[in-house]
Amino acid sequence: MARTNPFTFLQQVRTETAKVTWPTRRETTISTIMVFVMVTFAAAFFFIADQALGYLVGLIMNVSV
């Protein structure tokens, strides 16, 4: 594999970075809000599932005693 000098490498990086389509502030804000909403839903789901499973295990353990 051919080695490139650091200057050439930085030029290539700059060229590739210019090709990137960066999100707008609005797109970033909407994506961030959606992530927080989904994290909240996931946390609520896992909390409810944990409580339900704990309750069911408690019922099973008390019945078998």
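Residues numbered from 1 in each chain as written. Predicted model: local features only at pLDDT ≥ 70, side-chain atom pairs only at ≥ 80, totals over all residues. Heavy atoms only, no water.

What to know about the overall build of the protein chain
Going by this rule: Each helix is a run of DSSP H or I of at least 4 residues and each strand a run of E of at least 2, with the numbering of both proceeding from the N terminus. As a reference, a globule follows 2.2 Å times the number of residues to the power 0.38, and the radius of gyration itself is taken over C-alpha atoms. Accessibility here uses a 1.4 Å probe with only protein chains present; expressed as a share of the type maximum, an area under 20% marks a residue as buried, one over 50% as exposed, and anything in between as partly exposed. Here the accessible surface of atoms and residues is derived via Shrake-Rupley with a 1.4 Å probe, and residues count as covered only by protein chains that are part of the display.
If you tally the helices and strands in the protein chain, you get 2 helices and 0 strands. Taking 11 Å as the expected radius of gyration for a compact globule of 65 residues, we find that the protein chain reaches 26 Å, considerably beyond that expectation. Seen through its principal axes, the protein chain has C-alpha atoms that stretch 75 × 35 × 10 Å. When burial is assessed residue by residue, the protein chain has 0% of its 65 residues classed as buried. If you sum the accessible surface of the protein chain, you get close to 6,600 Å²; carbon and sulfur atoms cover 72% of it.

So, a nonpolar patch on the surface
So the rule is basically this: Put simply, a patch holds well-exposed residues, over 30% relative accessible area, that have no salt bridge, with like charges counted together within 9 Å and Val, Leu, Ile, Met, Phe, Trp or Tyr side chains within 5 Å. The rule for a salt bridge is simple: a side-chain nitrogen of Lys or Arg has to be within 4 Å of a carboxyl oxygen of Asp or Glu.
A surface patch of nonpolar side chains, about 410 Å² in accessible area, is lined by Ile33, Val37, Met38 and Phe41. As for its placement among the helices and strands, Met38 is situated in helix α2 (residues 25–63). Judged by its relative accessible area of 53%, Met38 falls in the exposed class.

Remarks on the packing of aromatic side chains
Which entries qualify depends on this criterion: Pairing of aromatic rings covers Phe, Tyr and Trp, the last counted by its six-membered ring, and requires centre-to-centre distances within 6.5 Å; plane angles under 30 degrees mean stacked, over 60 mean edge-to-face, and any other angle means tilted.
In the structure shown here, the tally under the stated rule is 1 aromatic pair. Aromatic pair Phe45 and Phe46: ring centres 5.2 Å apart, planes at 70°, arrangement edge-to-face. Judged on exposure class, the residue Phe45 and its partner Phe46 are both exposed.

Comments concerning α2
Selection criterion: Working rule for helices: expected span equals 1.5 Å times residues minus one.
Relative to the 57 Å expected for 39 residues at 1.5 Å per residue, α2 spans 57 Å between its end C-alpha atoms, a close match to the ideal helical length. For α2, the buried fraction is low: 0 of the 39 residues fall into the buried class.

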